[in-house]
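The residues making up each chain are set out below.
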Amino acid sequence: MAKKYDVIVVGAGMVGSLTGILLANKGMSVALIDKSHGAYPLSIPPAYDARVSAISQYSQSLFKEAGVWQKLDRSRLAPYRNMKVWDGLGCGAVDFESYANGLSELGHLVENAVLCEGLMSKVSETREIDTYFNDTIAQYQCSEDGVNVELDSAMQLDAQLIIAADGALSQLRQQSAFDTVEWDYGHHAVVTTVEIDAPHEDTAWQAFGEEGILAFLPLPSVDGRHYISIVWSVSPQEADSLMALDVSAFCNRLTYAINHKFTALDLTVSRVAIPLRQRHAKQYVKSGIALIGDAAHTIHPLAGQGANLGFADTGELVKLLANAHKRGEALGRLKTLRRYQRARMLDNIAMSASMETFKRVFSTNQPAIVQLRNMGMSLCQNSSFLKKKLVAHAAGLSTKA
């Protein structure tokens, strides 16, 4: 006999787990399914997780609502209060400062493993969530009347709605025949954690130039020693070259790429090269099923907004489902789910288009374009109005993204 739930969430990563907790907090029963074991052991600083997310103030508010932010180890959170962006091929530069915009910080840099560990701790305490780890969906049927799922373990589950939060290569999206628009960015992101020779000043640094697109993201200092996470977006060939360098040579290249603002001393974790691909589902919903997070969209990481877009999906979908649940509406009804699609798709498409434009403009060395982008950066630097708008958007205070 099938076990009944209001909602089945497939994928227990950051977006899926947060969605499950928030739905449970609204009085809905949730089945959380993941092919992994659901455990996220933490490394010991300064061996910080190489995968780090910039958590906006809006995303932070969702984690607080879920009761997760309060659980996180404060020594693993790095607030960033400023952002400095410059063009390595010219004189263009923009400084964003939290205090100038009435904010205590722009956001926090947090290791993905820290967020996942905090989410799993909360999931384990939440009576309305049943977990099915080390398991996958063998077959399922979706309609407005409900969802029937059979797991590989032979467990039978019924629900009103199934949510695909199973990542960029979502099996559920593919099996449900959602069409996507996608292309290769022609970039790989080299990520790692680096010890530097001076304090990062609670500042996120980003450089565009002949060495690629490079983000220096602050991490907590340990015993007077200072650390940053890097996301270095370069061509696949250049990524291969960077991965082949020994640690000393890599640090020298990194110091040059950051224009000697810091000296890279050592790496505390191994480098990872991640292919970057843009992907966007043409629809987010069908009867009985909804896509969220990377299952619905992936973008270039240069602005650090990918995770926040997924959390904004969560916030909108949970709000909609909670209202439908109160009214006694079927949660899988297409008319209901399309409200979520309308609320999120335009914002996500706009961000995706912006990242593609930024990538094209800032990854070229053509003199005319370099001159134009330097003029644009100078204009932004001299306009408090533009900077406040950009800061509000990045913090999620204007568009909740």
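Look up: the structure comes first, before these words.
Rules used throughout
Residues numbered from 1 in each chain as written. Predicted model: local features only at pLDDT ≥ 70, side-chain atom pairs only at ≥ 80, totals over all residues. Heavy atoms only, no water. Helix = DSSP H or I, 4+ residues; strand = E, 2+ residues; numbered from the N terminus. Buried < 20%, exposed > 50% of the residue type's maximum accessible area, 1.4 Å probe, protein only. Contact = heavy atoms within 4.5 Å. Pairing = 2+ DSSP bridges. Axes fitted to C-alpha atoms, helices over the stretch in contact; angles between N-to-C directions. Salt bridge = Lys/Arg side-chain N within 4 Å of Asp/Glu carboxyl O. Phe/Tyr/Trp six-rings, centres within 6.5 Å; stacked < 30°, edge-to-face > 60°. Lys NZ or Arg CZ within 6 Å of the ring centre and 35° of its normal. Right-handed = clockwise from strand over helix to strand, strands pointing away. Expected span 1.5 Å × (residues − 1). Core = buried A, V, L, I, M, F, W, Y, C linked by side-chain atoms within 4.5 Å. Polar contact = N/O pair within 3.5 Å; in protein donor to acceptor, adjacent residues only side chain to side chain. Parallel < 35°, antiparallel > 145°, perpendicular 65-115°, else oblique. Left-handed = near helix turned anticlockwise from the far one by under 90°. Nonpolar A, V, L, I, M, F, W, Y, C, P; charged D, E, K, R; others polar.

Observations regarding the overall build of the chain
Across its full length, the chain carries 10 helices and 22 strands. The buried share of the chain, taken over its 401 residues, is 53%. For the chain, the proportion of contacts with a sequence separation of at least 24, taken over those separated by at least 6, is 73%.

Looking at the sheet that holds strand β3 (residues 30-34)
Within the open sheet, the six strands sit side by side as β9-β3-β2-β13-β21-β20. Their pairing is mixed. Strand pairing shows two members of the sheet lacking a second neighbour, β9 (129-133) and β20 (285-286), which therefore form its edges. Sheet topology note: the β20/strand β21 (residues 289-291) ladder contains two bridges and is antiparallel. By the bridge assignment for β21, Val285 is matched with Ala290. Lying on the sheet, helix α1 (residues 14-25) is in contact with β2 (7-10), β3, β9 and β13 (161-164); it crosses β3 at an angle near 170°.

Some remarks on the environment of Lys35
Note on placement: Lys35 falls in the loop between β3 and β4 (52-55). On a C-alpha basis, the gap between Lys35 and Tyr132 in space is 8.3 Å, while along the polypeptide they are 97 residues apart. The residues contacting Lys35, other than those within four sequence positions of it, are Asn134, Asp135 and Thr136.

Here we look at the pattern of salt bridges
Per the counting criterion, the structure on display carries 17 salt bridges. Linking Glu182 and Arg279 is a salt bridge whose minimum nitrogen-to-oxygen distance equals 3.4 Å. Here Glu182 is found in strand β14 (residues 180-196), whereas its partner Arg279 is found in strand β19 (residues 272-281), with 97 residues between them in sequence. Residue classification places Glu182 among the partly exposed positions, given a relative accessible area of 31%. Taking the relative accessible area as the measure of exposure, Arg279 reaches 8% and is therefore buried. Residue Arg225 is joined to Glu195 by a salt bridge in which the shortest nitrogen-to-oxygen separation is 2.9 Å.

Description of the packing of aromatic side chains
One pair of aromatic rings is described through two measures. These are the centre distance and the angle between the planes. Counting across every chain of the model gives eight aromatic pairs. Three or more aromatic residues link up through ring pairs in this structure, and these residues are Phe63, Trp69 and Phe311. The ring of Phe250 has Arg271 lying over it, and the distance from NZ or CZ to the ring centre is 4.7 Å. In this arrangement the basic side chain of Lys286 is found over the ring face of Phe178, its NZ or CZ atom lying 4.8 Å from the centre.

Considerations on the pairing of β2
A two-sided burial pattern is seen for β2, the buried positions comprising Val7 and Val9 on one face and Ile8 and Val10 on the other. For the segment spanning β2, α1 and β3, crossover handedness is right-handed. With four bridges joining them, β2 and β13 adopt parallel strand pairing. Counterpart to Val7 in the pairing with β13 is Leu161.

Quick notes on helix α3 (residues 112-125)
Taking 1.5 Å of rise per residue, 14 residues should cover 20 Å, and α3 covers 20 Å from first to last C-alpha, within 8% of that figure. For α3, a buried count of 10 out of 14 residues is recorded, marking the element as mostly surrounded by other parts of the structure. Of the residues making up α3, those classed as buried are Asn112, Ala113, Val114, Leu115, Cys116, Gly118, Leu119, Met120, Lys122 and Val123. For α3, the secondary structure elements touched by its buried residues are α1, β3, β4, α2 (57-65), β8 (107-111) and β9.

As for the nonpolar core
Of all hydrophobic cores here, the largest spans 71 residues; its most connected members are Ile8, Ile137, Val149, Leu157, Ile162, Ile163 and Leu321. For this core, the element with the highest residue contribution is helix α7 (residues 306-327), accounting for eight residues. Grouped together as the second largest cluster of nonpolar side chains are 24 residues, Ala50, Tyr80, Leu106 and Val231 included.

Examining the pairing of β19
Pairing of β14 with β19 involves nine bridges; the strand directions are antiparallel. Its bridge partner being in β19, Ala189 is matched across the sheet by Ile274.

Notes on the environment of Glu150
Tracing the chain through its elements places Glu150 in strand β11 (residues 146-151). With sequence-adjacent residues up to four places away left out, Glu150 is seen in contact with Ile137, Ala138, Gln139, Met155 and Gln156. A polar contact is formed between the side chain of Glu150 and the side chain of Gln139, at a distance of 2.7 Å.

Things to note about the sheet that holds β8
One open sheet accounts for three strands, arranged β4-β8-β5; its pairing is antiparallel. The outermost strands of the open sheet, each flanked by one partner alone, are β4 and β5 (77-80). Mean inter-strand twist for the sheet, computed between neighbouring axes without regard to direction, equals 25°. Where β5 lies against β8, four bridges are found, and the strand directions are antiparallel. Among the inter-strand pairings, Ala78 is bridged to a residue of β8, identified as Leu109.

Focus on the environment of Gly310
With respect to the element layout, Gly310 can be found in helix α7. In the structure, Gly310 is positioned 17 residues away from Gly293 in sequence and 3.8 Å away in space, judged by C-alpha atoms. Those residues in contact with Gly310 that sit more than four places away from it in its chain are Val15, Gly293 and His297.

Examining the packing of α1 against α3
One way to put it is that α1 packs onto α3 with a least axis distance of 10 Å and a crossing angle of 30°. Taken together, the axes of α1 and α3 lie roughly parallel to each other. In this structure, α1 crosses over α3, and the sense of that crossing is left-handed. Within the contact between the two elements, α1 uses Met14, Ser17, Leu18 and Ile21 and α3 uses Asn112, Leu115, Cys116, Leu119, Met120, Lys122 and Val123. Residue classes in the contact of α1 with α3 are distributed as eight nonpolar, two polar and one charged.

Everything listed is a geometric property; what it means functionally is a separate question.
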